[in-house]
Amino acid sequence: MHQTFDVRTDRRLEVIDVTDRVQSALPSGYSGICTVFSRHTTTGVCINEAESRLLSDIEHLLGEAVADTGWEHDTLDNNADSHLRALLVGNGVSIPVVDGKLDLGRWQSVLLVECDGPRTRTVTVATP
Ligand code: ZN
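For the structure given in this document, a descriptive report is provided here. (Residues numbered from 1 in each chain as written. Predicted model: local features only at pLDDT ≥ 70, side-chain atom pairs only at ≥ 80, totals over all residues. Heavy atoms only, no water.)

### With respect to the coordination of the zinc ion
Working step 1: Protein-derived ligands of the zinc ion are His73 (NE2), Asp77 (OD), Asp77 (OD), Asn79 (OD1) and His83 (NE2), with the metal-ligand distances lying across 2.1 to 2.6 Å.
Working step 2: Each donor residue of the zinc ion lies on one chain, and together they are spaced H-x3-D-x1-N-x3-H. (Donors = N, O, S within 2.8 Å, 3.2 Å for Na, K, Ca; no water.)

### Digging into the state of the cysteines
Working step 1: Overall, the coordinates contain zero disulfides when judged by the stated rule.
Working step 2: In this structure Cys34 is a free cysteine whose sulfur lies 15 Å from that of Cys46, the closest cysteine sulfur available. (Disulfide = S-S within 2.5 Å.)

### Some thoughts on the sheet that holds strand 5 (residues 92-98)
Working step 1: The sheet built from five strands is open, its strands ordered 1-8-3-5-6 with antiparallel pairing. Bordering the open sheet on either side are strand 1 (2-8) and strand 6 (101-102), each of which pairs with just one other strand.
Working step 2: Summarising the sheet, strand 3 (residues 32-38) and strand 8 (residues 120-126) pair through four bridges and their orientation is antiparallel. Its bridge partner lying in strand 8, Ser38 is registered against Val123. (Pairing = 2+ DSSP bridges. Helix = DSSP H or I, 4+ residues; strand = E, 2+ residues; numbered from the N terminus.)

### As for the pairing of strand 7 (residues 109-114)
Working step 1: Buried residues dominate strand 7, accounting for six of its six residues.
Working step 2: Across the two faces of strand 7 the burial is the same, with Ser109, Leu111 and Val113 and Val110, Leu112 and Glu114 all buried.
Working step 3: Two elements, strand 4 (residues 43-48) and strand 7, share six bridges in a ladder whose sense is antiparallel. The partner of Ile47 across the bridge, within strand 7, is Val110. (Buried < 20%, exposed > 50% of the residue type's maximum accessible area, 1.4 Å probe, protein only.)

### Looking at unusual backbone geometry
Only a minority of non-glycine residues have a phi that is not negative, and only a minority of peptide bonds are not trans.
Working step 1: Residue Gly117 is joined to Pro118 through a cis peptide bond whose omega torsion reads -5 degrees.
Working step 2: Topologically, Pro118 is positioned in the loop between strand 7 and strand 8.
Working step 3: Its identity is not glycine, yet Asn78 carries a phi of approximately 60 degrees, on the positive side.
Working step 4: Take Asn78: it is sitting in the loop between helix 3 (74-77) and helix 4 (80-89).
Working step 5: Overall, the relative accessible area of 53% leaves Asn78 in the exposed class.
Working step 6: Here Asp99, not a glycine, exhibits a phi torsion of approximately 50 degrees, which is positive.

### So, the environment of Thr42
Working step 1: Along the polypeptide, Thr42 turns up in the loop between strand 3 and strand 4.
Working step 2: In this structure, the C-alpha to C-alpha distance between Thr42 and Ser82, residues 40 residues apart in sequence, is 5.3 Å.
Working step 3: Those residues within four positions of Thr42 in sequence are excluded, and the remaining contacts are Asn79, Ser82, His83, Ala86, Val113, Glu114, Cys115, Asp116 and Arg121.
Working step 4: Looking at Thr42, its side chain comes within polar contact range of the side chain of Arg121, at 2.9 Å. (Contact = heavy atoms within 4.5 Å. Polar contact = N/O pair within 3.5 Å; in protein donor to acceptor, adjacent residues only side chain to side chain.)

### Quick notes on the nonpolar core
Nonpolar side chains in soluble globular proteins tend to end up buried together.
Working step 1: Judged by nonpolar contacts, the single largest core of 19 residues is most densely connected at Val18, Val22, Cys34 and Val36.
Working step 2: Taken together, the elements giving at least two residues each to this core come down to strand 1, helix 1 (19-25), strand 3, strand 5, strand 7 and strand 8.
Working step 3: Of the residues forming this core, the biggest block, three residues, is contributed by strand 5.
Working step 4: The next biggest cluster of nonpolar side chains, apart from the first, holds 10 residues, and it includes Val15, Cys46, Leu62 and Leu111. (Core = buried A, V, L, I, M, F, W, Y, C linked by side-chain atoms within 4.5 Å.)

Structure follows, in structure tokens:
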């Protein structure tokens, strides 16, 4: 199974809870592993708590961890900081699925991390 969904982002650096979108993409009754994959070089996907202050903290952390300018790639399209922030997050996660439901821990959510928005992004949800 291979499905995609699109996410419209509103800000340059933004963390978005996509757990419900991932859940909706799963086949009913499926048990196994699903892979959630960002099809972009300036977004990331991770699992963490979707608490609004923490989402803001993640945005601040990534903003502080990588300098906005001064990178070699900036001479091409001026978004090296976006690539490097996405690199720190990683571009996919694997999640156990039991009977069609994401088997996440109580406080876990699937987060899409936009590092070069606003744009429309495509996320892949794949099962073997
Ligand atoms: Zn670039």
